[in-house]
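The primary structure of each chain is shown beneath.
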Amino acid sequence: MAEIMPEIGFIQEASRKIIVTGHYGSGKTEFSVSMALLLAAASNEKLALVDLDIVNPYFRSRERREILGEAGISVHGSVFQTEVTAELPALGADVRAPLEDKNCRVIIDAGGNDSGAIVLNQFMKYFNDDETTVLAVVNGNRPETRNIDGAITHINAIEAATGLIINALVNNSHLLRETTAQTVIDGHELCCQIRVKTGREIWCDCYPVGIVDPSDLPELSGRLMPLGLYMRPTWLDVGIGN
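The structure reproduced in this document is the subject of the present report. Computed from a prediction, not measured in an experiment: that's the story for all the values here.

## Observations regarding the overall build of the protein chain
For the protein chain, the count of helices and strands is seven helices and eight strands. Within the span of the protein chain, comprising 242 residues, buried residues form 53% of the whole. Of the roughly 10900 Å² that the protein chain leaves accessible, carbon and sulfur atoms contribute 51%.

Structure (structure tokens):
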């Protein structure tokens, strides 16, 4: 992790409970895992990642239980420790433990879209306090969120389904391994438009490590967050760029 350590004071100063929502394919799981590992590398605080994505069977943060555990991060979610042949929507009883532990920083990886985020409702008593921040990950290259109207409609749908208020935006506009600095900048501009219309601040701008050089994003240097590409198997990228 040392090679990608950024200035992450803004993450360390965030609320004890950080809920990450977003569209399917927005990269919210990659964001959640990367944030947890950055925090683990920067401090000795007690950390947990709660995976509430029991709707979409792809790219689940609990699939990185081993690397997270090695970093000292406890992982909570499905009642099943291994998921080889099927995805069953069953949460383990230990999900509540880190939410109730005042000494534990918790990142909650919610399911995609409003249908996935609705799982948050059964834990609502833990989120109605000033210890909770709700983020919406926005990828301007997803068809449903590529313009301001689509992005705002998506945000409103998550709020309507959960009763939660999304506090801030995460710009994670990307094109997988074809992402460029301009891709990130275009996503930032989209989030700026959302900010003007909704009043929600931009929490950070993400860039994929080894693909985009952060020195090419000087105007976004205040809150840049590297994504470690932990979730995407390299075999999925065969043929890209050829």
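## Here's the deal with empty space enclosed by the protein
Rolled over the atoms, a probe as big as a water molecule pinpoints where empty space is left. If you walk through the whole model with that rule in mind, you get one cavity of 30 Å³ or more. Volume-wise, the largest cavity comes out at about 40 Å³. Forming the walls of the largest cavity are Ala136, Val137, Val138, Thr145, Ala151, His154 and Ile155. Put simply, the parts of the chain that give the lining of the largest cavity at least two residues each are strand S5 (132-138) and helix H6 (148-162). Looking at the lining of the largest cavity residue by residue, the class counts come to five nonpolar, two polar and no charged.

## Let's talk about the sheet that holds strand S6 (residues 168-171)
Taken in spatial order, the eight strands line up as S3-S2-S4-S1-S5-S6-S7-S8 in an open sheet, and their pairing is parallel. The open sheet has two edge strands with one neighbour each: strand S3 (73-76) and strand S8 (224-227). Neighbour to neighbour, the strand axes of the sheet diverge by 25° on average, direction disregarded. Judged from the four bridges that link them, S5 and S6 form a sheet pairing that is parallel. Note that in S6 the partner of Leu135 across the bridge is Ala168. Each of strand S1 (17-22), strand S2 (46-51), S3, strand S4 (104-109), S5, S6, strand S7 (201-208) and S8 touches helix H2 (residues 28-42); the most contacted strand, S8, lies at about 105° to it. Set on the sheet, helix H7 (residues 181-198) makes contact with S5, S6 and S7; between it and S7 the angle comes to about 165°.

## Regarding the pattern of salt bridges
Here the structure, examined in full by the defined rule, presents eight salt bridges. Two residues, Lys17 and Asp129, come together in a salt bridge whose shortest N-O distance is 2.7 Å. Separated by 112 residues along the polypeptide, Lys17 in strand S1 and Asp129 in the loop between helix H5 (113-117) and S5 bring together distant segments of the chain. For Asp101, the salt bridge is made with Lys46, and the minimal N-O distance between the two is 2.6 Å. Note that Asp101 is positioned in the loop between helix H4 (96-100) and S4 and Lys46 in strand S2, a separation of 55 residues in sequence. Taking relative accessible area as the criterion, Asp101 reaches 18% and is therefore assigned buried. Residue Lys46 is classed as partly exposed on the basis of its relative accessible area, which comes to 49%.

Reading guide: rules and limits
- Residues numbered from 1 in each chain as written.
- Predicted model: local features only at pLDDT ≥ 70, side-chain atom pairs only at ≥ 80, totals over all residues.
- Heavy atoms only, no water.
- Helix = DSSP H or I, 4+ residues; strand = E, 2+ residues; numbered from the N terminus.
- Buried < 20%, exposed > 50% of the residue type's maximum accessible area, 1.4 Å probe, protein only.
- Areas by Shrake-Rupley, 256 points an atom, 1.4 Å probe, with all protein chains shown as cover.
- 1 Å grid on protein atoms, 1.4 Å probe; cavity = no way out; pocket = protein on both sides within 12 Å on 5 of 7 lines; lining within 4 Å.
- Points joined across faces, edges and corners; volume = space filled by probe spheres on them.
- Nonpolar A, V, L, I, M, F, W, Y, C, P; charged D, E, K, R; others polar.
- Pairing = 2+ DSSP bridges.
- Axes fitted to C-alpha atoms, helices over the stretch in contact; angles between N-to-C directions.
- Contact = heavy atoms within 4.5 Å.
- Salt bridge = Lys/Arg side-chain N within 4 Å of Asp/Glu carboxyl O.

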